[in-house]
Amino acid sequence: MPQTNDATLVLASSSRFRQALLDRLLLPYQCCSPDIDETPHPNETPSALVHRLALSKANAVAEHFPNHCIIGSDQIALFEGDILGKPHTEERARENLTRFSGQKVTFLTGLALVDTRHQRHHVHIEPFEVFFRLLSEQEIARYVALEQPLDSAGSFRMEGLGISLFEKLEGRDPNALIGLPLIALCDMLRQAGMNPLGDV
């Protein structure tokens, strides 16, 4: 979808995967990448972390868009009490997937919509559970080499070859795994007067 400078909707992300999801709603929007510190705070709960990061991303962009609705989103994986973000290296991605083999991993995706037109915001946290099948060392190495999921929480991309890693998925909105819970976003947009199925 062509980006329009006069679009009222702004996606606070440079992720091509989030852009592809937002494209599905057929609403004009523009992108602006936020610059925030994503380091967890001491004793911060997983829910508080994704809530803060999603809202911080939207707020960081909001100061440049005084009459817009800004979407911010962030995601973490939870496994055995550990908060897992992006692996950044192939070695870490292989380590994560080795730990996940045959196990359940919970994902939390924070979604924020900041409406600078009316000075209000709404935040939603979408949970989703992924059940990994038993994975061989060779399968893990091949997957990481082929897809390079180094910038994806959980070390996989569900929208690509990552789907081959799973036994089953449980949750309301599988789009959350890709990084943007569209069901919750549509609800937020309707409340903000931007119904994707409304009058253009």
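Before reading further, recall that the structure is shown in the block above.
Thresholds applied
Residues numbered from 1 in each chain as written. Predicted model: local features only at pLDDT ≥ 70, side-chain atom pairs only at ≥ 80, totals over all residues. Heavy atoms only, no water. Helix = DSSP H or I, 4+ residues; strand = E, 2+ residues; numbered from the N terminus. Rg over C-alpha atoms; globule rule 2.2 N^0.38 Å. Contact = heavy atoms within 4.5 Å. Areas by Shrake-Rupley, 256 points an atom, 1.4 Å probe, with all protein chains shown as cover. Lys, Arg positive; Asp, Glu negative; His and termini not counted. Charge placed at Lys NZ, Arg CZ, Asp CG, Glu CD. Core = buried A, V, L, I, M, F, W, Y, C linked by side-chain atoms within 4.5 Å. Buried < 20%, exposed > 50% of the residue type's maximum accessible area, 1.4 Å probe, protein only. Arc of directions from axis to C-beta. Polar contact = N/O pair within 3.5 Å; in protein donor to acceptor, adjacent residues only side chain to side chain. Phe/Tyr/Trp six-rings, centres within 6.5 Å; stacked < 30°, edge-to-face > 60°.

Undergrad: Is there a simple way to explain the overall build of the chain in this structure?
TA: Summing up its helical and strand segments, the chain has 6 helices and 7 strands in all. Each helix (α) and strand (β) of the chain, taken in turn from the N terminus, gives the series β-α-β-α-β-β-α-β-β-α-β-α-α. For 200 residues, the compact-globule estimate of 2.2 N^0.38 gives 16 Å, and the C-alpha radius of gyration of the chain, at 17 Å, lies within 12% of that figure. When its C-alpha atoms are laid out on the principal axes, the chain stretches across 50 × 35 × 25 Å. Long-range contacts, defined here as pairs at least 24 residues apart, represent 66% of the contacts in the chain between residues at least 6 apart. When the accessible surface of the chain is totalled, it reaches about 10100 Å², and 50% of it is carbon and sulfur. In the chain, 18 side chains carry a positive charge and 26 a negative one; their mean positions are 2 Å apart.

Undergrad: Please explain the nonpolar core as it appears in this structure.
TA: The tendency in soluble globular proteins is for nonpolar side chains to be buried as a group. If you look at the biggest cluster of nonpolar residues, it comprises 43 residues, and the most contacted ones within it are L9, L22, I71, F132, F156 and L185. For this core, the leading source of residues is helix α6 (residues 182–191), giving 6 residues. Excluding anything up to four places from it in sequence, L22 contacts L9, L11, Y29, I71, L180 and L185. Of all hydrophobic cores here, the second largest spans 12 residues; its members include F65, I70, A112 and V114.

Undergrad: Mind showing me how you'd approach helix α3 (residues 90–100) here?
TA: Residue pairs three or four apart in sequence face the same way in an α-helix, which turns once every 3.6 residues. Those residues of α3 that fall on the buried side of the exposure criterion are A93, N96, L97 and F100. The arc enclosing the buried residues of α3, seen along the axis, measures out at 95°, which places them on a common side. Packed against the buried residues of α3 are β3 (69–79), β4 (82–84), β5 (104–115), β6 (120–132) and α4 (137–147). Just beyond α3, the residue with positive phi is G102, at close to 75°.

Undergrad: Honestly, the environment of Q19 in this entry has me stumped. Any pointers?
TA: With respect to the helices and strands, Q19 occurs in helix α1 (residues 16–23). What Q19 contacts, discounting residues up to four positions off in sequence, is L11, S13, S14, Y29 and C31. Among the polar contacts listed, one links the side chain of Q19 to the backbone oxygen of S14, at a separation of 3.4 Å.

Undergrad: Can you walk me through the packing of aromatic side chains in this structure?
TA: According to the stated counting rule, one finds 6 aromatic pairs in the structure shown. Between F79 and F100, the aromatic rings sit 5.2 Å apart at their centres with planes inclined by 75°, giving edge-to-face as the arrangement. Here F79, found in strand β3, pairs with F100, found in helix α3; they are 21 residues apart in sequence, far enough to count as distant. Residue classification places F79 among the buried residues on the basis of a relative accessible area of 4%. Classification of F100 as buried rests on a relative accessible area of 0%.

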